[in-house]
Amino acid sequence: MSSDVAAQLGEIYADLPQGERAIARVLLDDYPYAALGSLRTLADRAGVSPPTASRLVGRLGFAGFAEFQEAVRTGARSRLRAFVDEPSDVESAAGQLRTALDECLAAVTGAQLSAAATRIAQAGSVWAVGGRLSELAAEYLVRQVASLRPGVRHLPGSIPERARVLLDVTSADLLVAYDFRRYSEQTARFVTAARDRGARLLLITDAWESPLAEYADVLIRLPREAAGPIDPMMLSIAVTELLLVAVAGHLDPEQRLASLEELTQTLSR
């Protein structure tokens, strides 16, 4: 059986009964995170009963929900590796990007992911910041982790706003910084000031290492120079996806996700 659960769901979606289709829609709309909570939470989000969700899991060929969740986690890395698999007129460049992605994913160890996820899950507040391109990865991290736990924010851009953030930074807080060549002096100034106030640093950087590397409590170093202008963004997003799956495994977000879905439905009426 393919470990790509999302692809399996897409293939059988049109033939599913209405209740199971509702489950599949929730999974596909918020994949893989909707699959990482409890079976009851997933069923509640879809407005169906837990046995209906169990029937869909069985239809996909899994012996139980735990086996289904493990396949989702395994498939997350496989999906990232296939990100640049389509041939094109720039096949050579695509091959370089694929190689860079494979090397990037291989370089991020389970120990690094576990340490980073633990910091993100346990911090009092989490602040994320990036550079010109990697800012997108920082924003993506905030958007997804904020669905899983409170107190996750994107660092504002202006100096006065950053100063106000620093007023409340404590040793319980975590900074997640994406810092690639050419390294950001603004990021360095804020991180240095926040570290002086006791905050911890999770740093995602490149092969040459940001000057902030010596201050990092957890360091994730991408092993390769860009193969093209899109490469840094692709690799930082790939690492962020791995972080998100790891963070979800360190939290128990069922009630928060259920409340988020309820509030979303309320605001959509």
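Refer to the structure presented above.
Heads up: these notes are all about the structure in this document. (Residues numbered from 1 in each chain as written. Predicted model: local features only at pLDDT ≥ 70, side-chain atom pairs only at ≥ 80, totals over all residues. Heavy atoms only, no water.)

### Re the overall build of the protein
Within the protein, the secondary structure is distributed over 12 helices and five strands. Relative to its 269 residues, the protein shows a buried fraction of 44%. A total of about 13400 Å² of accessible surface is found on the protein, and carbon and sulfur atoms cover 50% of it. (Helix = DSSP H or I, 4+ residues; strand = E, 2+ residues; numbered from the N terminus. Buried < 20%, exposed > 50% of the residue type's maximum accessible area, 1.4 Å probe, protein only. Areas by Shrake-Rupley, 256 points an atom, 1.4 Å probe, with all protein chains shown as cover.)

### Quick look at the nonpolar core
Ranked by size, the top nonpolar core spans 66 residues in total, and within it Val-5, Leu-27 and Phe-68 carry the most contacts. Here the element with the most residues in this core is helix H11 (residues 231-250); it accounts for 10 residues. Here Val-5 is in contact with Tyr-31, Leu-60, Phe-62, Phe-68, Ala-71 and Val-72, once residues within four sequence places are set aside. Counting 16 residues, the second-largest nonpolar core is a separate cluster that includes Leu-166, Ala-199, Leu-201 and Leu-212. (Core = buried A, V, L, I, M, F, W, Y, C linked by side-chain atoms within 4.5 Å. Contact = heavy atoms within 4.5 Å.)

### Digging into the sheet that holds strand E5 (residues 218-221)
Within the open sheet, the five strands sit side by side as E2-E1-E3-E4-E5. Their pairing is parallel. Here the strands that pair on one side only, and so sit at the sheet edges, are strand E2 (152-154) and E5. Here the strands of the sheet are splayed against their neighbours by 15° on average, with no regard to which way each runs. Here helix H10 (residues 185-196) sits on the sheet and contacts strand E1 (126-129), strand E3 (174-179) and strand E4 (200-205); the angle it forms with E3, its principal contact strand, is near 160°. (Pairing = 2+ DSSP bridges. Axes fitted to C-alpha atoms, helices over the stretch in contact; angles between N-to-C directions.)

### What to know about the packing of aromatic side chains
Overall, the coordinates contain two aromatic pairs when judged by the stated rule. With a centroid separation of 5.6 Å and an interplanar angle of 75°, the aromatic rings of Phe-62 and Phe-68 are classed as edge-to-face. For Phe-62, a relative accessible area of 9% gives the class buried. A relative accessible area of 1% places Phe-68 in the buried class. (Phe/Tyr/Trp six-rings, centres within 6.5 Å; stacked < 30°, edge-to-face > 60°.)

### So, the packing of helix H2 (residues 18-29) against helix H4 (residues 50-59)
As a packed pair, H2 and H4 sit with axes 9 Å apart at the nearest point and diverge in direction by 75°. Compared by their axis directions, H2 and H4 come out roughly perpendicular. Counted together, Gly-19, Glu-20, Ile-23, Ala-24 and Leu-27 of H2 and Thr-52, Ala-53, Arg-55, Leu-56 and Arg-59 of H4 form the full contact between these two elements. The residue inventory of the contact of H2 with H4, partitioned by class, reads five nonpolar, two polar and three charged. (Parallel < 35°, antiparallel > 145°, perpendicular 65-115°, else oblique. Nonpolar A, V, L, I, M, F, W, Y, C, P; charged D, E, K, R; others polar.)

### A word on empty space enclosed by the protein
Counted under the stated rule, the structure contains one cavity of 30 Å³ or more. Considered as a void within the structure, the largest cavity measures approximately 30 Å³ in volume. Taken together, Ala-34, Gly-37, Ser-38, Thr-41, Leu-42, Arg-45 and Leu-257 make up the lining of the largest cavity. If one sorts the elements of the lining of the largest cavity by residue count, helix H3 (residues 39-46) sits on top with three residues. Partitioning the lining of the largest cavity into residue classes produces three nonpolar, three polar and one charged. (1 Å grid on protein atoms, 1.4 Å probe; cavity = no way out; pocket = protein on both sides within 12 Å on 5 of 7 lines; lining within 4 Å. Points joined across faces, edges and corners; volume = space filled by probe spheres on them.)

### So, the pairing of E5
Every regular strand shows the same layout, with side chains that alternate between the two sheet faces. Burial of the side chains of E5 is restricted to one face: Val-218 and Ile-220 are buried, whereas none of Leu-219 and Arg-221 on the reverse face is. Of the pairings in the sheet, the one linking E4 to E5 comprises four bridges and is parallel in character. Residue pairing across strands places Thr-205 opposite Arg-221, the latter belonging to E5.

### Remarks on the pattern of salt bridges
Under the criterion given, the structure shown has seven salt bridges. As a salt-bridge pair, Arg-189 and Glu-185 come within 3.8 Å of each other at their nearest N and O atoms. Placement of the pair is Arg-189 and Glu-185 together in helix H10, with a separation of four residues, close to one helical turn. Summarising the burial analysis for this pair, Arg-189 and Glu-185 share the class exposed. Measuring nitrogen to oxygen at the nearest pair gives 2.8 Å for the salt bridge that ties Asp-217 to Arg-195. Taken together, the residues Asp-217 in the loop between E4 and E5 and Arg-195 in helix H10 connect sequence positions 22 residues apart. The exposure class assigned to Asp-217 is partly exposed, which follows from its relative accessible area of 28%. We classify Arg-195 as partly exposed; its relative accessible area is 25%. (Salt bridge = Lys/Arg side-chain N within 4 Å of Asp/Glu carboxyl O.)

### What to know about the pairing of E1
What you see with E1 is no split at all: Val-126 and Ala-128 on one side and Trp-127 and Val-129 on the other are buried throughout. Note that E1 and E2 share three bridges and pair parallel. Paired with Val-126 across the strands is Val-152, a residue of E2. As for the winding sense of the linkage, the β-α-β connection from E1 through helix H8 (residues 135-145) to E2 is right-handed. Across four bridges, E1 lies against E3 in parallel orientation. If you follow Ala-128 over to E3, its bridge partner there is Val-176. (Right-handed = clockwise from strand over helix to strand, strands pointing away.)

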